Amino acid sequence: MLPTITVDDEKCGGAYFCRKCVVVCPTHVLGLGTSVGVQKYRETDPQYFVVRAVYLNKCSGCMDCVEVCPNNAIQVSFNEGSVT
Amino acid sequence: MCDWCDKYGDGYERWYFNPANYARRIYKIRREEAEASGAEANPQEAGGMSVIGREFLEALDSGDLEKVQEIKERAEATAWLTHFGQVVTLDEALKICDMIYPIGLMTCACRRSMRAMPDEENFVCMGMGPGMYKWERWPDTYRGGMHYITPDEAKEVITKLNKKGLVQTVATFGTPYLAGLCNCDYPDCAFIRTTIDLGVKALWKGHYVAKVDPELCTGCARCVARCQFKALSFSPSNNMAYIDQFQCFGCGLCVSECDQGAISLVDRASLPALANVW
């Protein structure tokens with residue numbers, strides 16, 4: 001069963017430096033990307049970096065990412081209603 | 001024969017030993033083709049992560065094999081045209097360092113993405129050839145900057161990373177233009193992860209297959225930690241390493257870890273059932 005993993009970017013606010021959720025995930029599901037895409041001739045400012053779930057198929061539903069987030073920005077839910 | 005050697009080897013022993021595949025002429029062609037088709041010729045756009053969408057993962061999860069196959073074929077076709085990799089041995093990687101110039105040491109985009117790895121800890125990737133002169137066009141791809149290094153310095157870095165346990169791979173950027181010499185591991189390398197976990201062949205196996213000599217293996221199991229491809233395990237009942245040769249990518253990391261000389265690389269082409277397992 002695949003989860004739905006949502007990240008509230010406004011609450012998150014500092015994925016590039018915080019890294020906590022990305023590092024804590026035991027199955028390396030989460031990835032860091034940017035909300036502005038890759039830009040030519042311009043380095044993306046750290047504030048535009050966001051966390052997204054990539055390898056959803058490897059999420060066990062342990063909720064470690066949810067718990068480690070200092071800003072309560074991550075939600076993980078499976079089909080039959082929200083687990084968190 | 002390896003499809004890529006067949007298509008782009010031009011008489012050389014391996015396609016990645018054919019200097020033409022690193023040449024400015026091809027770099028220019030692939031860039032113009034990509035841009036003509038409307039795509040920005042940015043290497044990162046073609047990266048492994050972009051092929052995996054929720055649609056594919058759902059199809060996998062629900063066992064919709066037809067859909068899995070359809071998306072997989074599409075993703076592989078794109079990867080093989082734009083950006084894919086092949087495993088090379090340490091010796092092969094060192095040989096490549098003497099073939100192509102310049103070589104740039106840069107941060108790894110996969111680890112930045114999957115580990116949020118700070119740049120200063122992440123200089124484990126190498127770019128090669130004429131594209132390196134224009135790295136500043138894509139500051140995000142080269143976050144942390146780019147350091148031109150000599151062939152000897154490149155060999156030193158690669159040897160050190162191999163010792164640490166990272167697998168050497170070559171990568172195309174507009175096939176057959178070869179511009180990436182990467183040092184990869186599971187699960188954070190997108191090539192390895194996509195290939196091993198999702199069955200989308202973004203990474204081709206190398207030209208060798210590892211083999212354990214039962215007379216020499218003492219069962220120390222040190223090699224087991226070296227395998228990044230889920231091909232090597234330890235058999236307690238035999239007190240011996242076991243290699244699934246059909247899963248082996250032929251990188252040779254287990255070989256160099258064995259003090260007994262119990263593991264060797266054999267030519268893939270010499271094994272009829274494996275000669276076409278890439």
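This one's a predicted model, so the numbers in the text were calculated from it and none came from an experiment.

Q: For this particular structure, what's the right way to read the overall build of chain B?
A: Of the regular secondary structure elements, chain B holds 9 helices and 11 strands. In terms of C-alpha radius of gyration, chain B reaches 19 Å, essentially the compact-globule figure of 19 Å for 278 residues. Across its three principal axes, chain B shows a C-alpha extent of roughly 60 × 50 × 40 Å. The proportion of buried residues among the 278 residues of chain B is 56%. Within chain B, contacts between residues at least 6 apart in sequence are counted, and of these 69% link residues at least 24 apart.

Q: Is there a simple way to explain the packing of aromatic side chains in this structure?
A: How two aromatic rings sit relative to each other is given by the distance of their centres and the angle of their planes. Residues and elements named next belong to chain B. Using the criterion set out here, one finds 15 aromatic pairs over all chains in the structure. Summarising the aromatic geometry, the rings of W4 and Y8 are spaced 6.4 Å apart at their centres and angled 5° between planes, so their arrangement reads as stacked. Pair noted here: W4 and Y8 are both in helix α1 (residues 3-8), with a separation of 4 residues, about one helical turn. Overall, the relative accessible area of 4% leaves W4 in the buried class. Taken together, the ring pairs connect W4, Y8, W15, Y16, F17, W80, F84 and W204 into an aromatic cluster. Taking NZ or CZ as reference, K95 lies 3.9 Å from the ring centre of F17, over its face. When the ring centre of W204 is taken as reference, the NZ or CZ atom of K201 above it lies at 4.2 Å.

Q: Help me out: how do you make sense of the sheet that holds strand β6 (residues 178-184) of chain B in this one?
A: Pairing between sheet strands relies on hydrogen bonds along the backbone, with the strands arranged either parallel or antiparallel. Residues and elements named next belong to chain B. In space, the 7 strands of this open sheet follow the order β4-β2-β3-β6-β5-β1-β7, with mixed pairing throughout. The open sheet has two edge strands with one neighbour each: β4 (147-149) and β7 (203-204). Bridge analysis of strand β2 (residues 103-106) against β4 gives 3 bridges, and the strand direction is antiparallel. Its bridge partner being in β4, L105 is matched across the sheet by H147. The strands touched by helix α7 (residues 151-164) are β2, β3 (125-128), β4, β5 (167-172) and β6; relative to β4, the strand with the most contacts, the crossing angle is about 100°.

Q: Teacher, can you tell me more about the interface of chain A and chain B here?
A: Accessible area lost upon the coming together of the parts serves often as the stated size of an interface. Each side of the interface is counted separately: chain A has 30 residues, and chain B has 34 residues. Carbon and sulfur atoms supply 54% of the area that chain A and chain B bury against each other, a total of about 2700 Å² over both sides. For chain A, the biggest contributors to the area lost against chain B are A:H28, A:V38 and A:Y55; these three give 26% of the whole. Linking chain A to chain B there are 1 salt bridge. For B:R143, the salt bridge identified is with A:E43, shortest N-O distance 3.8 Å. Taken together, the connections running from chain A to chain B amount to 14 residue pairs in polar contact (both at pLDDT 80 or more).

Q: How should the side chain of B:T175 be read in this particular structure?
A: Residue and element names in this part refer to chain B. Relative to the helices and strands, T175 is located in the loop between β5 and β6. Only 2.6 Å separates the side chain of T175 from the backbone oxygen of W80, close enough to count as a polar contact. When near neighbours in sequence (up to four residues on either side) are disregarded, T175 contacts W4, Y8, A79, W80, L81, T82 and F84.

Here is what the cut-offs are and how they apply
Residues numbered from 1 in each chain as written. Chains lettered and ligands numbered in written order. Predicted model: local features only at pLDDT ≥ 70, side-chain atom pairs only at ≥ 80, totals over all residues. Heavy atoms only, no water. Helix = DSSP H or I, 4+ residues; strand = E, 2+ residues; numbered from the N terminus. Rg over C-alpha atoms; globule rule 2.2 N^0.38 Å. Buried < 20%, exposed > 50% of the residue type's maximum accessible area, 1.4 Å probe, protein only. Contact = heavy atoms within 4.5 Å. Phe/Tyr/Trp six-rings, centres within 6.5 Å; stacked < 30°, edge-to-face > 60°. Lys NZ or Arg CZ within 6 Å of the ring centre and 35° of its normal. Pairing = 2+ DSSP bridges. Axes fitted to C-alpha atoms, helices over the stretch in contact; angles between N-to-C directions. Buried area = accessible area lost by both parts, 1.4 Å probe. Salt bridge = Lys/Arg side-chain N within 4 Å of Asp/Glu carboxyl O. Polar contact = N/O pair within 3.5 Å; in protein donor to acceptor, adjacent residues only side chain to side chain.

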